[in-house]
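Examining the three-dimensional arrangement
For reference, the chains in residue letters:
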Amino acid sequence: MVCVMAASSTRATPVVGSITNWNTGGLAGWSNSAPLGTAMMTLTNLNEGGGQANFLRMAFPAIPMSITNDMMYSSLDAYTGDLTGMGIRFDFRSFNYIGSTTLRFKALDGDIWDWSFDSASENLWETFDTSFLLSEGWDRFGDVESDALLLADLSTITAIGIYVQTGLGAMDTQFYDLDDWEYWETGNEIPEPGAVCMLCGLLLSFALVQRKRLRELYLQRAA
Ligand SMILES: [Ca+2]
Ligand SMILES: [Ca+2]
């Protein structure tokens, strides 16, 4: 199992709307292994050309006789915004082997929360997206869950990232790729002007039709 989390010596508050895209090289403060995985993989910034440009790659050595796991992650200070409306979006690719993959975070009290996601196939970039609500499928590692427990732990996130576990018999080096890591928040959306105009137009036409009908009804009765 490999977990990629972003870890850094300087912890940061997640900035809603900012995207970590690794396009300028380097690991952007991300690390692997501690505090959640076993130091199995190597993290690199890779550019293979094409639309995805640079991304974060974790490579697991071929270990045919045992399950391997690790995590790429970043460390975060508590997020002080409205966590009930917050989520994470990221691009992920299981390059040559599909392991068990979860979005994982660890809280100050040691609790670990997982949101499982699956690559549809090898060598396919996919966008995954979830909010921090229990109904999205968050699983508290080996313990009971509730939205209250989840929200409490969200306020003390110490590490957050991607955890990967590979299966038995992986004879080749296994690669997992991450890009465009973004925190988002609901409730801040401003309707696009076009959408607003369309809505106003619909309401206006509806009102005009109703007015015409009322007038016709009035004239019928008056006749
Ligand atoms: Ca990128
Ligand atoms: Ca807790």
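Residues numbered from 1 in each chain as written. Chains lettered and ligands numbered in written order. Predicted model: local features only at pLDDT ≥ 70, side-chain atom pairs only at ≥ 80, totals over all residues.

**So, the overall build of the chain**
Per the secondary structure count, the chain includes two helices and 13 strands. Of all 223 residues assigned to the chain, the portion counted as buried reaches 32%. Relative to all contacts within the chain whose residues are 6 or more apart in sequence, the contacts with residues 24 or more apart total 79%. (Helix = DSSP H or I, 4+ residues; strand = E, 2+ residues; numbered from the N terminus. Buried ≥ 20, exposed ≤ 12 C-beta atoms within 10 Å, placed from the backbone. Contact = placed C-beta atoms within 7 Å.)

**Details of the pairing of strand S12 (residues 157-166)**
Burial within S12 is extensive, with 10 of its 10 residues counted as buried. The pairing of strand S6 (residues 68-74) with S12 spans seven bridges and is classified as antiparallel. Paired with Asp 70 across the strands is Val 164, a residue of S12. Inspection of the sheet shows strand S8 (residues 100-107) paired to S12 by eight bridges, in the antiparallel sense. The partner of Phe 105 across the bridge, within S12, is Ile 160. (Pairing = 2+ DSSP bridges.)

**Concerning the pairing of S6**
Strand residues, when the strand is regular, have side chains that alternate between the two faces of the sheet. The buried fraction of S6 amounts to seven of the seven residues, a majority that puts the element mostly inside the structure. Neither face of S6 is left uncovered, since the one carrying Thr 68, Asp 70, Met 72 and Ser 74 and the one carrying Asn 69, Met 71 and Tyr 73 both have all their residues buried. Of the strand pairs in this sheet, strand S3 (residues 31-32) and S6 are connected by two bridges, and their pairing is antiparallel. Among the inter-strand pairings, Asn 32 is bridged to a residue of S6, identified as Met 72.

**Brief notes about unusual backbone geometry**
Here Trp 22, not a glycine, exhibits a phi torsion of approximately 60 degrees, which is positive. For Trp 22, the position within the fold is in the loop between strand S2 (19-20) and S3. Backbone geometry places Asn 123, a non-glycine residue, at a positive phi of 55 degrees. Mapped onto the secondary structure, Asn 123 falls in the loop between strand S9 (112-117) and strand S10 (126-131). What makes Asn 123 exposed here is the crowd of 11 C-beta atoms within 10 Å.

**Describing helix H1 (residues 147-154)**
Along H1, the positions that sit buried rather than exposed are Leu 150, Asp 153 and Leu 154. For H1, the angular spread of the buried residues around the axis is 105 degrees, confining them to a single face. Its buried side turned inward, H1 meets S8, S9 and S12. (Arc of directions from axis to C-beta.)

**Remarks on the environment of Ser 131**
The residue Ser 131 is located in strand S10 in this model. Residue class for Ser 131 comes out partly exposed when judged on the 18 C-beta atoms lying within 10 Å of it. When the C-alpha atoms of Ser 131 and Met 86 are compared, they prove to be 5.7 Å apart, with 45 residues separating the residues in sequence. Once you skip the residues sitting within four places of it in the chain, Ser 131 turns out to touch Met 86, Gly 87 and Glu 136.

**Some words on the nonpolar core**
Residues Leu 43, Leu 56, Met 58, Met 72, Tyr 73, Ile 162 and Leu 178 are the most contacted members of the largest nonpolar core, which totals 33 residues. Listing elements by their share of this core, those giving two or more residues are strand S5 (54-60), S6, strand S7 (86-94), S8, H1, S12 and strand S13 (174-185). (Core = buried A, V, L, I, M, F, W, Y, C linked by C-beta atoms within 7 Å.)

**Describing the confidence of the model for the chain**
When pLDDT is averaged across the chain, the result is 78; 69% of the residues are at 70 or more. Of the regions scoring below 50 in pLDDT, residues 6-11 engages in 20 contacts with residues more than four places distant in sequence or in other chains. Considering only residues more than four positions removed or in separate chains, one finds that residues 189-197, a stretch of pLDDT under 50, has one contact. (pLDDT = per-residue confidence, 0-100.)

**A look at the environment of Asn 32**
Looking at the secondary structure, you find Asn 32 in strand S3. Judged by the 28 C-beta atoms lying within 10 Å of it, Asn 32 falls in the buried class. Here the alpha-carbon distance between Asn 32 and Leu 43, two residues 11 residues apart in the chain, equals 7.1 Å.

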